[in-house]
Amino acid sequence: MPVPSSTPAPAQSPTTGSSPAASTLWYTSAAAQAAARRMAAAGAVGDPACSLSALGNPDPDLVPQADRIGIGTFDGYWCLIW
């Protein structure tokens, strides 16, 4: 579920019904937040800062098990950095 643009992204998986590996730390990333804002301003998915970007919820099958994943969202655009 997208997070309202005025609320920082939660430090958890952006997926519903599944959870990341127990060892994965999800955190709100300033770089990912900025990238999500740039994508929203451009009206296009994709930013060099993002390992994965999406409009709407990212596909959980494309998110790897990683030690840390930074998330940022704005106006429905998601940026994940690992």
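So, how was this worked out
Residues numbered from 1 in each chain as written. Predicted model: local features only at pLDDT ≥ 70, side-chain atom pairs only at ≥ 80, totals over all residues. Heavy atoms only, no water. Helix = DSSP H or I, 4+ residues; strand = E, 2+ residues; numbered from the N terminus. Buried < 20%, exposed > 50% of the residue type's maximum accessible area, 1.4 Å probe, protein only. Contact = heavy atoms within 4.5 Å. Polar contact = N/O pair within 3.5 Å; in protein donor to acceptor, adjacent residues only side chain to side chain. Pairing = 2+ DSSP bridges. Axes fitted to C-alpha atoms, helices over the stretch in contact; angles between N-to-C directions. Disulfide = S-S within 2.5 Å.

Participant: Explain the overall build of the protein to me, and be specific about the residues and the numbers.
Facilitator: Summing up its helical and strand segments, the protein has one helix and four strands in all. Its helices and strands taken in sequence order, the protein reads β-α-β-β-β from the N to the C terminus. Across the 82 residues of the protein, 40% fall into the buried class. If you take every contact in the protein between residues at least 6 apart in sequence, the share linking residues at least 24 apart comes to 58%.

Participant: Tell me about the environment of Trp-78, and please be specific about residues and values.
Facilitator: Checked against the element boundaries, Trp-78 lands in strand S4 (residues 77-81). Its relative accessible area of 1% is what places Trp-78 among the buried residues. Sequence-wise, Trp-78 and Met-39 are 39 residues apart; in three dimensions their C-alpha atoms are separated by 8.7 Å. Polar side-chain contacts of Trp-78 include one of 3.3 Å to the backbone oxygen of Gly-56.

Participant: So, the sheet that holds S4: which residues are in play, and what are the values?
Facilitator: Across the sheet, which stays open at both edges, the four strands sit in the order S1-S3-S4-S2 with mixed pairing between neighbours. Here the strands that pair on one side only, and so sit at the sheet edges, are strand S1 (25-28) and strand S2 (52-55). Geometrically, the sheet is characterised by an average inter-axis angle of 20° between neighbouring strands, direction not taken into account. This element, helix H1 (residues 30-42), spans S1, S2, strand S3 (68-74) and S4 of the sheet and lies at about 35° to S3.

Participant: Lay out the state of the cysteines with the relevant residues and their values.
Facilitator: Taken as a whole, this structure holds one disulfide when the rule is applied. A disulfide bridge connects Cys-50 with Cys-79, and the sulfur atoms are separated by 2.2 Å. Disulfide Cys-50 to Cys-79: torsion about the S-S bond roughly -120°, handedness left-handed. Of this pair, Cys-50 sits in the loop between H1 and S2 while Cys-79 sits in strand S4, placing them 29 residues apart in sequence. Since its relative accessible area comes to 14%, Cys-50 is described here as buried. Here Cys-79 falls in the buried class, since its relative accessible area comes to 0%.

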